[in-house]
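One letter stands for each residue in the lines below.
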Protein chains: 2
Amino acid sequence: MTDNRDEIILSWEELLDLAHGFLTAHGLSEPQARALAGVLCRSERDGGRSHGLQRLPGTLETMAHPTFNKHADPTVEELTPAIIHVDADYGFSTLAAERGLPLLVANARRLGIAILAINNGFHSTALWPIVEDIAVQGLAGLSMNPTHDWVAPAGGTGGALGTNPIAFAWPRPGHPPYVFDFATSAAARADIALYRQEGRQIPSGWGLDREGQPSTDPAAVLAGAMLPFGGHKGSALATMIELLAGPFIADRTSRQSAQFDQQAKAAPCHGELILAFNPTLIGAALGKEGESQDAAEDLFARIEQQGARLPGSRRYAIREQSNARGIPIRRALHEKIISMMPDARPG
Amino acid sequence: MTDNRDEIILSWEELLDLAHGFLTAHGLSEPQARALAGVLCRSERDGGRSHGLQRLPGTLETMAHPTFNKHADPTVEELTPAIIHVDADYGFSTLAAERGLPLLVANARRLGIAILAINNGFHSTALWPIVEDIAVQGLAGLSMNPTHDWVAPAGGTGGALGTNPIAFAWPRPGHPPYVFDFATSAAARADIALYRQEGRQIPSGWGLDREGQPSTDPAAVLAGAMLPFGGHKGSALATMIELLAGPFIADRTSRQSAQFDQQAKAAPCHGELILAFNPTLIGAALGKEGESQDAAEDLFARIEQQGARLPGSRRYAIREQSNARGIPIRRALHEKIISMMPDARPG
C-alpha cells in the first residue's frame, strides 16, 4: 500500500477484499458479494470511478428496499436453445449475469446467436464488463437495459425513457476486445449531480425543467427531465432499448422500474438483455475463415491511424497502470467505506 | 389520374407498373423487378421520396456494374436454426430479403430470436419496409447495413465508416407498428448534395473537408468526409453496425464495398443483417402473457401524450392520404422515368 495525500494505492486483492468485506458485513450472501464486488472493482481499476467503489455506500439503500433479497440464488433456465433465462431473484443483477454466461456462450457459439434475458435484478454497475467477458471468449457481445424514466423523448416535455445504456464488444485476437458502453441520455445523471454540487450550469441540450422548457440549471433538470443524446435518433434508440430490455424479456420499463422503487432510492430493479454472436460461424460455413477478422482489424486500423480513439482505449491504458502499480482509490472514499462497516460502529 | 402543374397522381397499381416496367424494360428479371419496385413504391407512397422512384434512374448505373446479375436467383439456406442465410447473388438485395423472410419469421417465432444474413446484394432502398414486414407478423425486427466509407469516426479526419442505417420495428396489436429507420451519419448524403445543388452552406457538425477540418461547404464535405450523429456515441454505434452487418455475416465493410464499386457509381454492394425477436415468447414462458404488450403501449402513450411524435407517424399519415387519394409523383421525375424507357428512345 503506497500513499499520497489524497489517494491510497491498493492491490487488486486488497480492493476486492474491501468491497467484498463491506457487502458481506452488511449481510449480502457470499456469492452475491463476490459477483458485485468483482464488477465494481473492475470499474475502479480501469478508471471508471463513477461505476466503481463509490457505488458501495448506496448499496445499503438498495439492500434496504423491501423486495431486495440478500440471499438471492439465481438459477439458469434454457427457455429455447436461443433464449437463456435467469431470474436474478431480487438480488443484484451481477450474479445472475455471471451464472447465465456459460450457457449463453455455449449456445451462441453453436447457433451463431443467443440471448441471455435477466429478470428482476437490482442494477447499478457498468455494462462493459459483461460484454468484455463475452468477447474474451471469442464472441461479440451486446447488452442493454432500462433504468428509471428520467429522460424525455425528443420533442417531449417530461420523463418517459431511461438513461438506457448500451454496450458492445467485438473480440480481437492478439488485442483486448473493441468495447463501447454509453448511456443514451445526453449526459450521465451523476454528471448533472456533480454540476449541481459544484454550483455550475450544465451545457444546453442536456435537459428540461419541470415545465418541459430547456434549462441549464442542474437542479431544475434533475427535478425535470434529461434529454437523449443525438436528438430524435438517440431518442429512437433509447425507445428500442426500452422495448427489447423491457417488454421483450417480460420485465419492467423504466417507468415501471421507477414506480417499483417506491422512493426507496435503491438501484433500479429491472431486466437486462445480453446478446452473444459467433463472429466466425457464418464465415466458416461459407468457406471464408479469417477474412472477416482481417476486415474488422482493417476497420480498427483506419480509425486509429487518423488519430481517433477506439472507445475502450482509455480504460485499457489505465488498467495496465493499475496492474503494474496498484489501484489508486480516493482516501475520502476509502475512509467512508471503512467507517460504514458495521463493526466500525459503536454497538 | 388527377394532375396539377407539378405533380401527377397515380394509383398504387399505376405506380408499381411504372417502376416494374422501367426495371424489366432494362432487362431486370421479373422477380427482381417486382421486389425492388415494391420497396421503392412503398417509400414513394409514404412520403419517403429520397428512397422512392427517384432512385429508379440510378438503377441503370447499378445494373451496369460489371458484377451485377440481372437474373440473380437468391436461395435460402438454414446455416443453423438461428441463422438464415441468403446470397443475393449480386442482384438487388430486396429479393433476397423477401425470400429469406418466411423462414426468419418461422424460426424466430419458435426460438425467440433468429437472424437473416444477406450477402452480396446491391442496396439502395430504405430499411423500414423489411422491419415493418416483420412487425406486421407479430415479431420485432431490427436491420442494419454498411454503405460506403464516407463517414469519419468521431475525433478522426477521413472516411472509415458508412452512413450505416439502422431500422427497428415493434408490433402493436390494433395499431400500425412502431418503426424507426435512421442513418448513423449526422445527415443523409442526398441532403448534402441538395445543399450543394441549391448553393447553400450546410450546418456545422455535418462534415469535414479533405484536410479533415470542419466545413460547411457541401462540395468540400462530399469530397472530404461526413460526420456521425451524436459524436462519439453515434460513431461507436456506426462501428457496431459495420462489424455486425459486415464481418459477422462474412460480407464487406463500407470500405470494402467502396473498393468493390470501382468508380461504377452503382448502389453499394454489401451485406444486410436482419434480426427478428418474438416479443411474447419469454412472457408466455413465464406466465405473464399480455403484460409486456401493455407496458409497451403505456410507453408509446407516454411519448405521444406529451406531444412528441412516434418515429413512423408521419409515414403512416401520408400513407393514409395516398391510399385514399392516390400517390403524388413529381411530374419532372415521371417524365424523366418515361423518357428513359428503352422503347421511348429512337433505335
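The structure reproduced in this document is the subject of the present report.

So, how was this worked out
- All chains use their own residue numbering, which begins from 1 and follows the written sequence.
- For naming, the first written chain is A and the first written ligand is 1, with later ones following in the order written.
- A pLDDT threshold of at least 70 governs which residues receive local features in this predicted model, and a stricter bar of 80 or more applies before side-chain atom pairs are shown or counted, although totals over entire chains, interfaces and linings include all residues.
- In superposing the copies, a least-squares fit is computed on C-alpha atoms, taking residues whose pLDDT is at least 70 in both.
- Throughout, a pair of residues is in contact if the C-beta atoms placed from their backbones lie within 7 Å.
- Every helix listed is a DSSP run of H or I at least four residues long, and every strand listed is a run of E at least two residues long, numbered separately from the N terminus.
- To sort residues by burial, count the other C-beta atoms lying within 10 Å of each one's C-beta; a count of 20 or more means buried, 12 or fewer means exposed, and anything in between means partly exposed. C-beta atoms are built from the backbone.
- Every axis corresponds to a line fitted to the C-alpha atoms, with the helix fit spanning only the stretch in contact, and the corresponding angles, defined between N-to-C directions, vary from 0 to 180 degrees.
- Every angle not falling under 35 degrees, over 145, or within 65 to 115 is termed oblique; those three ranges are roughly parallel, roughly antiparallel and roughly perpendicular.
- In this scheme, a crossing is called left-handed if the near helix is turned counterclockwise away from the far one by less than a right angle; it is called right-handed if the turn is clockwise.
- Polar here means any residue other than Ala, Val, Leu, Ile, Met, Phe, Trp, Tyr, Cys and Pro, which are nonpolar, and Asp, Glu, Lys and Arg, which are charged; Gly is therefore polar.
- By definition, two strands form a pair when at least two bridges between them are found by DSSP.
- The path from the first strand over the helix to the second decides the hand: if it runs clockwise while the strands point away from the viewer, the crossover is right-handed.
- Expected span of a helix: the number of residues minus one, times 1.5 Å.

1. Re the relation of the copies chain A and chain B
Then comes step 1: The transformation that overlays chain A on chain B combines an axial shift of 0.0 Å with a rotation of 180°, and the residual RMSD is 0.0 Å. Look at the turn and shift together and you get a two-fold axis relating the two. Of every C-alpha in chain A, the one belonging to A:Gly230 sits nearest the axis of rotation, 2.1 Å from it.
Then comes step 2: A shared binding surface is used by both copies, with 100% of the interface residues of chain A retained as interface residues in chain B.

2. Let's talk about unusual backbone geometry
Residues and elements named next belong to chain B.
Then comes step 1: With a phi close to 55°, asparagine 120 is a non-glycine residue in the positive phi region.
Then comes step 2: One can find asparagine 120 in strand S4 (residues 113–122).
Then comes step 3: Since 22 C-beta atoms lie within 10 Å of it, asparagine 120 is described here as buried.

3. Some thoughts on the packing of helix H1 (residues 12–25) of chain B against helix H2 (residues 30–45) of chain B
Residue and element names in this part refer to chain B.
Then comes step 1: Orientation of H1 relative to H2, taken along the N-to-C sense of each, is 135°, at an axis distance of 8 Å. With respect to H2, the axis of H1 lies oblique. Between H1 and H2 lies a crossing whose hand is right-handed. In contact with Trp12, Leu15, Leu16, Ala19, His20, Leu23 and Thr24 of H1, H2 contributes Glu30, Ala33, Arg34, Leu36, Ala37, Gly38, Leu40, Cys41, Glu44 and Arg45.
Then comes step 2: In terms of residue class, the contact of H1 with H2 is built from 10 nonpolar, three polar and four charged.

4. What to know about the pairing of S4(B)
Residue and element names in this part refer to chain B.
Then comes step 1: By the criterion of burial, S4 is predominantly enclosed, with 10 of the 10 residues buried.
Then comes step 2: In the sheet, strand S3 (residues 83–87) pairs with S4 via five bridges, with the strands oriented parallel. Bridged to isoleucine 83 within S4 is isoleucine 115.
Then comes step 3: The parallel pair S3 and S4, bridged by helix H4 (residues 93–111), forms a crossover whose chirality is right-handed.
Then comes step 4: As paired elements, S4 and strand S10 (residues 269–277) share eight bridges and run antiparallel to each other. Bridge pairing in S10 links glycine 121 to histidine 270.

5. Focus on the environment of B:Gly27
Then comes step 1: Relative to the helices and strands, B:Gly27 resides in the loop between H1 and H2.
Then comes step 2: Counting along the chain gives 315 residues from B:Gly27 to B:Pro342, while the straight-line C-alpha distance between them is 10.0 Å.

6. Concerning helix H2 (residues 30–45) of chain A
Residues and elements named next belong to chain A.
Then comes step 1: Taking 1.5 Å per residue, 16 residues should reach 22 Å; H2 reaches 22 Å between its end C-alpha atoms and fits that length.
Then comes step 2: Across the 16 residues of H2, 12 count as buried, placing the element largely inside the fold.
Then comes step 3: Those residues of H2 lying buried are Gln32, Ala33, Ala35, Leu36, Ala37, Val39, Leu40, Cys41, Arg42, Ser43, Glu44 and Arg45.
Then comes step 4: Glycine 47 sits one or two positions beyond H2 and adopts a positive phi of about 85°.

7. As for the sheet that holds strand S10 (residues 269–277) of chain A
All names here are of chain A.
Then comes step 1: Pairing is mixed across the open sheet formed by seven strands, whose spatial order is S2-S3-S4-S10-S5-S6-S7. Of all the strands in the sheet, just strand S2 (76–80) and strand S7 (178–183) have a single pairing partner and so form its edges. Ignoring strand direction, the axes of neighbouring strands in this sheet form an average angle of 15°.

That is the geometry; function is a separate question.
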